[in-house]
Amino acid sequence: MRPAALAFNAAASTFDARFEAWESVAAQRTAVRQALFEAFPPGGTILEIGGGTGEDAVWLAQRGFRLLSTDAAPAMVDVTGCTLAPFGSRAEIVAAEDLEPFAHRHLASGGGRFDGAFSNFACLNCVEDLQAVGRGLATLLKPGSTAILVVFGNAAPGEILVEVLRGRWQQAFRRFRSGAVPAKIGGHDFTVRYHRARAISSAMQPGFRLVRRLGIGIFVPPSAAEPWISQQPGFLRLLCRLDRITRRPLAFLGDHILYQFERTEIVAP
């Protein structure tokens, strides 16, 4: 496994306990789920990339979608597979970097193309070669279908403010850096990349066109503001309303940015 997969594999048993109680995370997840529900056809077959413990996949499955959730970490896939099974959906070990060969194996074995695909909460920031992801998605998705990619923003004022107040200056401005940036989870080191908008759009061409870009967590702060922000429910509701108003014009300031693409043509496997 690659370093990021090793790190998240080790964190699988405690991942939800760490994040699910935080209201800032819940607020950002709700905004993404609204976009997913609006974009995907009712009852469609959906591919998830970097599904983690499957919270979003299960949410969609509960609403009638059929899911194939993929992740590079076997422990994450084990958790997701158990929770998806009652809904007739499943999980499989596939690294985002290996999406292109997976696409060819999937179609060669009789698997059908998907009605949509998504990757939530910055899985793709652990990927160096987004071009391979774009080619894999182009092979796997039906014409006219939607791919939604949610990645870290490059200039999140909320994170800058929180980290400066904590005196962590290096963390405050890490998103301005290019190339590999050190990260850690569960005591395991790996690297992330803060992909620029142009690089993301370029990686999805020529098979996709960009439909819209939404800021997720413009005023709602990142998890670095926890647990304080969860103790301010009224203030957080106000920040959520501000996010809804500004998510299009100020998308570039999001803690995360949601890119919605439409599949424009078919590519033979």
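Residues numbered from 1 in each chain as written. Predicted model: local features only at pLDDT ≥ 70, side-chain atom pairs only at ≥ 80, totals over all residues. Heavy atoms only, no water.

Caption draft 1: Examining the environment of L236 more closely. Here L236 is to be found in helix 10 (residues 233-246). On a C-alpha basis, the gap between L236 and F219 in space is 8.9 Å, while along the polypeptide they are 17 residues apart. If we ignore the near neighbours within four places in the chain, the residues touching L236 are E23, S24, V220, P221 and I229. (Helix = DSSP H or I, 4+ residues; strand = E, 2+ residues; numbered from the N terminus. Contact = heavy atoms within 4.5 Å.)

Caption draft 2: View of the layout of surface pockets. Its boundaries defined by the atoms lining it, the second largest pocket holds a volume of some 320 Å³. Residue lining of the second largest pocket: 18 residues in total, with A27, Q28, T30, C240 and R244 positioned closest to the centre. Mapped by element, the contributors of at least two residues to the lining of the second largest pocket are helix 2 (23-39), strand 8 (208-216) and helix 10. Sorting elements by how many residues they give to the lining of the second largest pocket places helix 2 first, with seven residues. (1 Å grid on protein atoms, 1.4 Å probe; cavity = no way out; pocket = protein on both sides within 12 Å on 5 of 7 lines; lining within 4 Å. Points joined across faces, edges and corners; volume = space filled by probe spheres on them.)

Caption draft 3: Geometry of the pattern of salt bridges. According to the stated counting rule, one finds 16 salt bridges in the structure shown. A salt bridge links R135 to E100, with the shortest nitrogen-to-oxygen separation between them at 3.1 Å. In this pair, R135 is assigned in helix 6 (residues 130-140) and E100 in helix 5 (residues 99-108), connecting sequence segments 35 residues apart. Note on R135: relative accessible area 39%, which makes it partly exposed. Within the structure, one salt-bridge network assembled from shared partners comprises R29, R33, E55 and D56. (Salt bridge = Lys/Arg side-chain N within 4 Å of Asp/Glu carboxyl O. Buried < 20%, exposed > 50% of the residue type's maximum accessible area, 1.4 Å probe, protein only.)

Caption draft 4: Structural detail: the packing of aromatic side chains. Tallying each qualifying case throughout the model produces eleven aromatic pairs. Counting every residue linked through ring pairs, the aromatic cluster contains F37, F40, W59, F65 and F118. A cation over a ring is seen here: R263 above F208, with NZ or CZ 5.5 Å from the ring centre. (Phe/Tyr/Trp six-rings, centres within 6.5 Å; stacked < 30°, edge-to-face > 60°. Lys NZ or Arg CZ within 6 Å of the ring centre and 35° of its normal.)

Caption draft 5: Molecular detail of the nonpolar core. Counting 29 residues, the largest nonpolar core has L47, I49, L99, L124, L137, F208 and F261 as the members making the most contacts within it. Looking at this core, the elements with two or more residues in it are strand 1 (45-49), helix 5, strand 4 (114-119), helix 6, strand 5 (141-152), helix 9 (197-203) and strand 9 (256-263). It is helix 6 that contributes the most residues to this core, five residues altogether. Ranked by size, the runner-up nonpolar core spans 20 residues in total, among them I46, A57, F65 and L214. (Core = buried A, V, L, I, M, F, W, Y, C linked by side-chain atoms within 4.5 Å.)

Caption draft 6: Local environment of helix 4 (residues 74-84). Every buried residue of helix 4 is accounted for by M76, V77, T80 and L84. Taken around the axis of helix 4, the buried residues stretch over an arc of 95 degrees, which confines them to a single face. Structural note: helix 4 exposes D78 and C82 on the side pointing more than 90 degrees away from its buried face. (Arc of directions from axis to C-beta.)

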